[in-house]
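Next come the chains, spelled out residue by residue.
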Amino acid sequence: MSVTERRPWAIVLASGREPDLASALACLRLVASPERTVVVVRRPAAGPRWSGTGLGGAALIEEPADRGSAPGALAAALVAQEQDPAALVALVRPGPAVEDRSGFLRAWSSALALAVRFPSRLVAVAPCGGGGPRPRGGRPGGMVMAGVASVLLETARRALPGAMRPLETFRQVLHAARHGRPVGDHQPLALASAYARMQPADLERDLLAAARPPAIVPSVLPVLADGMSGASRV
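Residues numbered from 1 in each chain as written. Predicted model: local features only at pLDDT ≥ 70, side-chain atom pairs only at ≥ 80, totals over all residues. Heavy atoms only, no water.

Observations concerning helix H7 (residues 186-197)
Note that an α-helix has 3.6 residues per turn; residues three or four places apart therefore point the same way.
Inference 1: Under the 1.5 Å per step criterion, the end-to-end length of H7 is 17 Å for twelve residues, consistent within 8% with the ideal 16 Å.
Inference 2: For H7, every residue scored as buried is listed here: Ala190, Leu191, Ala194 and Tyr195. Axial view of H7: buried residues confined to an arc of 130°, hence all on one face. In H7, the exposed residues that point more than 90 degrees away from the buried face are His186, Leu189 and Ala196.
Inference 3: Along its buried surface, H7 packs onto strand E3 (59-63), helix H2 (70-83) and helix H6 (168-178). (Helix = DSSP H or I, 4+ residues; strand = E, 2+ residues; numbered from the N terminus. Expected span 1.5 Å × (residues − 1). Buried < 20%, exposed > 50% of the residue type's maximum accessible area, 1.4 Å probe, protein only. Arc of directions from axis to C-beta. Contact = heavy atoms within 4.5 Å.)

Printed below as a string of structure tokens:
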């Protein structure tokens with residue numbers, strides 16, 4: 001089945017902010033099914049771990065440490081690709097702009113439409129023309145990054161070997177579980193081992209900027225495009 005015939009996978013990079021996560025999931029329920037949603041959170045340094053309550057059946061990945069925004073996205077993309085080799089993924093970083101539901105959904109639709117039209121490219125689109133509230137660091141909250149999972153992962157293998165190589169054992173555990181082999185606690189252990197050896201990496205600065213062919217970044221997203229000399233504006 002081709003990319004155009006596939007339902008997209010949603011990857012939510014929540015990093016432990018529960019109010020933002022609830023806002024993002026409320027929007028995503030309109031466009032993505034729970035069984036094709038992966039939520040990435042950061043394991044609390046103290047207190048109770050995430051229970052998964054409120055996820056509505058979405059898969060949960062708990063990052064054991066802070067290694068930047070790219071590793072969690074890559075681990076989630078591996079989950080999607082293992083379930084669906086032709087997976088089309090849309091990554092969302094929750095933020096204040098997600099509260100503008102109509103703007104967020106327009107960004108979602110635009111990013112996926114461009115990703116289907118250009119299946120060898122990664123795409124990044126921001127809600128409200130990128131004019132909504134911005135989190136610390138200047139990046140637009142609610143940005144949607146889309147592309148075929150294999151393209152995202154191949155970009156990371158080339159540009160971020162220090163993040164991808166440690167995830168190989170995690171990928172093997174996912175593959176074993178997919179084929180019915182008992183894995184027990186091997187999945188979180190493999191992820192913890194990967195993060196212990198992993199180099200930090202940023203989703204936009206280190207991964208999106210390294211995409212070849214260049215990522216498609218609409219001109220309404222100046223914060224990203226201005227820092228990405230190879231990005232294609234549309």
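Back to the write-up after that little detour.
A closer look at the side chain of Glu63
Inference 1: Mapped onto the fold, Glu63 is located in strand E3.
Inference 2: Assessed through its relative accessible area of 2%, Glu63 is described here as buried.

Some thoughts on H6
Inference 1: Of all the residues in H6, the buried ones are Phe170, Val173, Leu174 and Ala176. An end-on view of H6 places all buried positions within 160° of arc, on one side of the element.
Inference 2: Contact partners of the buried residues in H6: H2 and H7.
Inference 3: Just beyond H6, the residue with positive phi is Gly180, at close to 85°.

Points about the nonpolar core
Inference 1: One finds Trp108 and Leu167 to be the most contacted residues of the largest nonpolar core, which totals 77 residues.
Inference 2: It is H2 that provides the largest number of residues to this core, a total of nine residues.
Inference 3: When residues no more than four places from it in sequence are discounted, the contact partners of Leu167 are Pro71, Leu74, Ala75, Leu78, Leu191, Ala194 and Met198. (Core = buried A, V, L, I, M, F, W, Y, C linked by side-chain atoms within 4.5 Å.)

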